Amino acid sequence: MTTEDDDSALFRASIQGTQPLVKNNTLHHSKVVPKARRRPQETESNRLPINQDVGVQPVNSDCQLSYFQAGLQPKTWHQLRQGKLAIDAELDLHGYTVDEAEHQLDSFFQQALAHHCRVIHIIHGKGLTSLNAEPPVKNLVNRFLSRCPVVLAFCSAPKHQGGAGAVNVLLKSPEREV
């Protein structure tokens with residue numbers, strides 16, 4: 001038996017019963033059912049600046065969302081649409097009212113920007129159980145993203161990531177902000 005064989009056997013014996021660490025660099029926004037309480041008045045300093053002048057039409061459950069700012073590279077847009085860009089953070093808005101979802105969105109964006117996330121995934125659902133057959137949370141997400149100046153592009157996720165019930169979002173990198 002050689003020294004190399006001894007070293008190999010010693011190494012195997014020393015790692016027996018261990019498991020590899022799972023590399024997970026994603027930011028998960030936990031879904032917590034909010035307690036009924038009065039929310040403090042929001043100020044301009046703790047909310048994202050929203051472009052109010054962008055007109056956004058309501059969408060239906062099966063509508064594919066799509067938006068990008070001028071100057072986005074076609075390859076990047078294609079990768080976002082196909083779900084090929086690594087997702088840095090995810091938010092699931094199932095079960096939230098529109099008001100709760102808006103608060104969750106704003107909070108999630110603050111965290112995503114603080115963690116320098118580039119691509120985020122938002123699950124809004126299709127609103128199939130809504131009263132008016134309109135998806136209220138999907139419409140909220142569409143309006144919010146269309147008006148948010150840190151959003152470079154967004155589109156409905158590919159089928160394997162939720163299809164018309166989710167959206168992939170590309171955020172401006174901090175060095176591109178003006």
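Residues numbered from 1 in each chain as written. Predicted model: local features only at pLDDT ≥ 70, side-chain atom pairs only at ≥ 80, totals over all residues. Heavy atoms only, no water.

Student: So what's going on with the overall build of the protein? Residues and values would help.
Tutor: Each helix and strand counted, the protein has four helices and six strands in total. For the protein, the sequential pattern of α-helices and β-strands runs α-β-β-α-β-α-β-α-β-β. By the burial criterion, 35% of the 178 residues in the protein qualify as buried. Summed over its atoms, the accessible surface of the protein is roughly 11,800 Å², and 52% of this surface lies on carbon and sulfur atoms. (Helix = DSSP H or I, 4+ residues; strand = E, 2+ residues; numbered from the N terminus. Buried < 20%, exposed > 50% of the residue type's maximum accessible area, 1.4 Å probe, protein only. Areas by Shrake-Rupley, 256 points an atom, 1.4 Å probe, with all protein chains shown as cover.)

Student: Give a detailed account of the side chain of His121, specifying residues and quantitative values.
Tutor: Note on placement: His121 falls in strand S4 (residues 119–123). A residue is classified by how much of its surface remains accessible, and His121, at 3% relative accessible area, is buried. A polar atom in the side chain of His121 sits 3.1 Å from the backbone oxygen of Gln161. At a separation of 2.6 Å, a polar atom in the side chain of His121 contacts the side chain of Asn168. With residues up to four places along the chain from it excluded, the contact list for His121 reads Ile87, Ala89, Glu90, Leu91, Ala157, Gln161, Ala166, Val167 and Asn168. (Polar contact = N/O pair within 3.5 Å; in protein donor to acceptor, adjacent residues only side chain to side chain. Contact = heavy atoms within 4.5 Å.)

Student: Go over the packing of aromatic side chains with me, naming the residues and quoting the values.
Tutor: Per the counting criterion, the structure on display carries four aromatic pairs. With a centroid separation of 6.4 Å and 80° between ring planes, the pair formed by Phe108 and Phe109 is classed as edge-to-face. For Phe108, a relative accessible area of 0% gives the class buried. Among the aromatic residues, ring-to-ring pairing joins Phe108, Phe109 and Phe144 into one connected group. (Phe/Tyr/Trp six-rings, centres within 6.5 Å; stacked < 30°, edge-to-face > 60°.)

Student: Tell me about the confidence of the model for the protein, residues and numbers included.
Tutor: Averaged over every residue, the pLDDT of the protein is 81; the share at 70 or more is 76%. Confidence drops under pLDDT 50 across residues 33–45; counting only partners more than four residues distant or on other chains, this segment forms five contacts. (pLDDT = per-residue confidence, 0-100.)

Student: Go over the pairing of strand S5 (residues 151–156) with me, naming the residues and quoting the values.
Tutor: For S5, the buried fraction is high: six of the six residues fall into the buried class. Judged from the three bridges that link them, strand S2 (residues 66–68) and S5 form a sheet pairing that is antiparallel. Paired with Phe68 across the strands is Ala153, a residue of S5. (Pairing = 2+ DSSP bridges.)

Student: I'd like to hear about the pairing of strand S3 (residues 89–92), residue by residue, with values.
Tutor: What you see with S3 is a clean split: Ala89 and Leu91 sit on the buried side and Glu90 and Asp92 on the side with no burial. Where S3 lies against S4, four bridges are found, and the strand directions are parallel. Within S4, the position partnered with Leu91 by the bridge is Ile122. Regarding topology, helix H3 (residues 98–114) serves as the crossover connection from S3 to the parallel S4, and that connection is right-handed. (Right-handed = clockwise from strand over helix to strand, strands pointing away.)

Student: Quick rundown of the nonpolar core? Include the residues and the values.
Tutor: Counting residues in each nonpolar core, the largest one holds 26 residues, and the members touching the most others are Leu93, Leu105, Phe109, Ile120, Ile122, Leu145 and Val169. Looking at this core, the elements that each hand over two or more residues are S3, H3, S4, helix H4 (136–147), S5 and strand S6 (166–171). The residues contacting Leu105, other than those within four sequence positions of it, are Leu91, Leu93, Ile122, Leu140, Val141 and Phe144. (Core = buried A, V, L, I, M, F, W, Y, C linked by side-chain atoms within 4.5 Å.)

Student: How would you sum up unusual backbone geometry? Please name residues and give values.
Tutor: One non-glycine residue, His116, adopts positive backbone phi at about 55°. Locating His116 in the fold gives a position in the loop between H3 and S4. Here His116 falls in the exposed class, since its relative accessible area comes to 56%.

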